[in-house]
Amino acid sequence: MLHNLVFLFYISLPANFLQQPQLIGNWKVTEIISNGKSIGADIPMNISLQFLPDGKVIAHMDEKTEMGRWKIEGEFLILFQPKTTEKFRFQLQGNRLNLIKDAEMIVLTKQG
């Protein structure tokens, strides 16, 4: 009986969670690199993303909060927001997440 419950829980998890469970949690932008140069000092770093296991993402930027959805496609992390869709190549290394698009890289550090 317990085995069946565990199996049902496992198959009911969203594909995103099964592909990258370590992505779930709160991430804070700690650096932005453009054309190989850090531009973090020019951009406020009060930006964070919260990835939820159900495929939702919450973006916190200063006083503003936006909700959207996320999914993994191969080496890409796709963020669906109300007005736009962003597709990033991503690298996940422990508590560091790199989101890469064109000549820019956003570096996030996992919180908590």
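This text follows the structure it describes.
Caption draft 1: Layout of the packing of aromatic side chains. If you walk through the whole model with that rule in mind, you get one aromatic pair. Between Phe 51 and Trp 70, the ring centres sit 5.5 Å apart and the planes meet at 85°, which makes this aromatic pair edge-to-face. With a gap of 19 residues between them, Phe 51 in strand β3 (residues 47-51) and Trp 70 in strand β5 (residues 64-73) connect regions that are remote in the sequence. Trp 70 matches Phe 51 in its accessibility class, with the two residues each being buried. Sitting over the ring of Phe 76, Lys 87 keeps its end group 4.7 Å from the ring centre.

Caption draft 2: Region of interest: the nonpolar core. Core analysis: the biggest nonpolar cluster contains 19 residues, and Leu 23, Phe 51, Trp 70, Leu 77, Leu 97 and Leu 99 have the highest contact counts within it. The set of elements that each furnish at least two residues to this core consists of β1 (25-34), β3, β4 (56-61), β5, β6 (76-80), β7 (85-93) and β8 (96-101). Excluding anything up to four places from it in sequence, Leu 97 contacts Leu 23, Trp 27, Phe 51, Phe 90, Gln 91, Leu 92, Ile 106, Val 107 and Leu 108.

Caption draft 3: Local environment of the pattern of salt bridges. Considering all chains together, one arrives at four salt bridges under this definition. Among the salt bridges present, the one from Lys 64 reaches Glu 66, with a minimum N-O distance of 3.1 Å. Note on Glu 66: relative accessible area 25%, which makes it partly exposed. With its nearest N and O atoms 2.5 Å apart, the salt bridge here joins Glu 86 to Lys 101. Of the two residues, Glu 86 is situated in strand β7 and Lys 101 in strand β8; the sequence distance between them amounts to 15 residues.

Caption draft 4: Expanded view of the environment of Gly 94. Tracing the sequence through the fold places Gly 94 in the loop between β7 and β8. Sequence separation of Gly 94 and Thr 109 is 15 residues, and the distance between their C-alpha atoms is 9.1 Å.

Caption draft 5: Highlighting the pairing of strand β9 (residues 104-111). The pairing of β1 with β9 spans eight bridges and is antiparallel. Directly across from Ser 34, in β9, lies its bridge partner Glu 104. Bridge count between β8 and β9: six bridges; the pairing is antiparallel. Each residue of the ladder has a partner; that of Asn 98, found in β9, is Val 107.

Caption draft 6: Highlighting the pairing of β7. Both β6 and β7 contribute to a ladder of five bridges, which runs antiparallel. Each residue of the ladder has a partner; that of Leu 77, found in β7, is Phe 88. In this antiparallel pair of consecutive strands, β6 and β7, the connection spans four residues. The pairing of β7 with β8 spans five bridges and is classified as antiparallel. Across the sheet, Leu 92 pairs through a bridge with Leu 97, a residue of β8. The hairpin formed by β7 and β8 contains two residues between the paired strands, and Gly 94 there has a positive phi angle of roughly 65°.

Cut-offs applied
Residues numbered from 1 in each chain as written. Predicted model: local features only at pLDDT ≥ 70, side-chain atom pairs only at ≥ 80, totals over all residues. Heavy atoms only, no water. Phe/Tyr/Trp six-rings, centres within 6.5 Å; stacked < 30°, edge-to-face > 60°. Helix = DSSP H or I, 4+ residues; strand = E, 2+ residues; numbered from the N terminus. Buried < 20%, exposed > 50% of the residue type's maximum accessible area, 1.4 Å probe, protein only. Lys NZ or Arg CZ within 6 Å of the ring centre and 35° of its normal. Core = buried A, V, L, I, M, F, W, Y, C linked by side-chain atoms within 4.5 Å. Contact = heavy atoms within 4.5 Å. Salt bridge = Lys/Arg side-chain N within 4 Å of Asp/Glu carboxyl O. Pairing = 2+ DSSP bridges.

Interpretation in functional terms is not warranted from these geometric data alone.
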